[in-house]
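One letter stands for each residue in the lines below.
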Amino acid sequence: MLRARNSISILFFALAAFLLAIACYASYFLLNWPALDLYIHDTYYVIGHRIPLLSLSLYFAACGLAYYVYPRIVHKQLSRFLAHLHFWASLGFLTLLFFAYHSFFATGAASLAASGDSLKSAFVRCSLSMLGLAAAQIILIINFVWSFLREQRIRTASPPA
């Protein structure tokens, strides 16, 4: 049975599985159509999708594991509000980062280099999205420190006499 206190770790595990599935799906085309690799070799499709998606899926799986294991080790409850805020802020900034990179590479760096304003705005969008994703991870640290310093412990059922 699914317990409410494990729901945030399940959200992080589901996001990690989703990102891993996208990375595998993108690789599917290159594995099944080797001739396609000749045309798009060393392009954004080959290089840019898989490595960030795999690394982010590992990170979100580690966050899910941390949210699952921390209360069992320290015996203190994490804030559900901060946990959900961390998840949704991370997901939102991850989506903004993906679309910022996608718009940057889809239009082509060469065409963006021709117009300096467009290149500068693309870098600003990518940088702000990355900073927002990094700032969202501060919520995780605040949640761990706050729950550790708080006096409220997890209530465990007393063993029968």
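Residues numbered from 1 in each chain as written. Predicted model: local features only at pLDDT ≥ 70, side-chain atom pairs only at ≥ 80, totals over all residues. Heavy atoms only, no water.

Regarding the overall build of the chain
Assigned secondary structure in the chain consists of 7 helices and 0 strands. Sequence-ordered secondary structure for the chain, helices as α and strands as β, is α-α-α-α-α-α-α. Taken across its 161 residues, the chain has 34% of its residues classed as buried. Taking the contacts inside the chain whose residues are at least 6 apart along the sequence as the reference set, 79% of them involve residues at least 24 apart. Only carbon and sulfur atoms are counted for the fraction: they give 74% of the accessible area of the chain, which is about 10,400 Å². (Helix = DSSP H or I, 4+ residues; strand = E, 2+ residues; numbered from the N terminus. Buried < 20%, exposed > 50% of the residue type's maximum accessible area, 1.4 Å probe, protein only. Contact = heavy atoms within 4.5 Å. Areas by Shrake-Rupley, 256 points an atom, 1.4 Å probe, with all protein chains shown as cover.)

Focus: helix H4 (residues 50-74)
For H4, spanning 25 residues, the distance from its first C-alpha to its last is 35 Å, which sits close to the expected 36 Å at 1.5 Å a residue. Of all the bends in H4, the largest measures some 25° and sits at tyrosine 68, one to four residues before the proline proline 71. Considered for burial, the residues of H4 that qualify are Leu53, Leu56, Ser57, Phe60, Cys63, Gly64, Tyr67, Tyr70, Pro71 and Val74. (Expected span 1.5 Å × (residues − 1). Bend = angle between axes of the 7 residues up to and from the residue.)

Concerning the nonpolar core
In terms of nonpolar packing, the biggest core is built from 21 residues, with Ile8, Phe12, Leu19, Leu56, Phe60, Tyr67 and Leu94 touching the most fellow members. Per-element tally for this core: the top contributor is H4, with 7 residues. Look past the residues within four positions of phenylalanine 60 in its chain and what remains in contact with it is Phe12, Leu15, Ala16, Leu19, Ser90 and Leu94. (Core = buried A, V, L, I, M, F, W, Y, C linked by side-chain atoms within 4.5 Å.)

Some remarks on the side chain of histidine 86
Considering the arrangement of structural elements, one finds histidine 86 in helix H5 (residues 80-106). Setting aside residues up to four positions removed in sequence, histidine 86 forms contacts with Phe12, Tyr59, Cys63, Tyr67, Ala136, Gln137, Ile139 and Leu140.

Some words on the environment of isoleucine 141
Examined against the element boundaries, isoleucine 141 turns out to sit in helix H7 (residues 116-149). On the accessibility criterion, isoleucine 141 (53% relative accessible area) is exposed. Taking C-alpha positions, isoleucine 141 is 9.8 Å from histidine 86, a pair spaced 55 residues apart along the chain.

Notes on a nonpolar patch on the surface
On the surface, Ile141, Val145, Phe148 and Leu149 cluster together into a nonpolar patch covering about 420 Å² of accessible area. Topologically, leucine 149 is positioned in helix H7. (Patch = residues over 30% accessible without salt bridge, like charges linked within 9 Å, V, L, I, M, F, W, Y side chains within 5 Å. Salt bridge = Lys/Arg side-chain N within 4 Å of Asp/Glu carboxyl O.)

Focus on the packing of aromatic side chains
Per the counting criterion, the structure on display carries 8 aromatic pairs. Ring centres of tyrosine 70 and phenylalanine 144 lie 4.6 Å apart, and the angle between their planes is 25°; this geometry places the pair in the stacked category. Remark: phenylalanine 144 occurs in helix H7 and tyrosine 70 occurs in helix H4; sequence separation between them is 74 residues. Assessed through its relative accessible area of 15%, tyrosine 70 is described here as buried. Considering the side-chain rings of phenylalanine 98 and phenylalanine 99, the 5.5 Å spacing of their centres and the 70° angle between planes classify their relative orientation as edge-to-face. Owing to a relative accessible area of 34%, phenylalanine 98 belongs among the partly exposed residues under this scheme. By relative accessible area, which is 51% here, phenylalanine 99 ends up exposed. Members of the aromatic cluster, joined through ring pairs, are Phe12, Tyr59, Phe60, Tyr67, Tyr70, Phe87, Trp88 and Phe144. (Phe/Tyr/Trp six-rings, centres within 6.5 Å; stacked < 30°, edge-to-face > 60°.)

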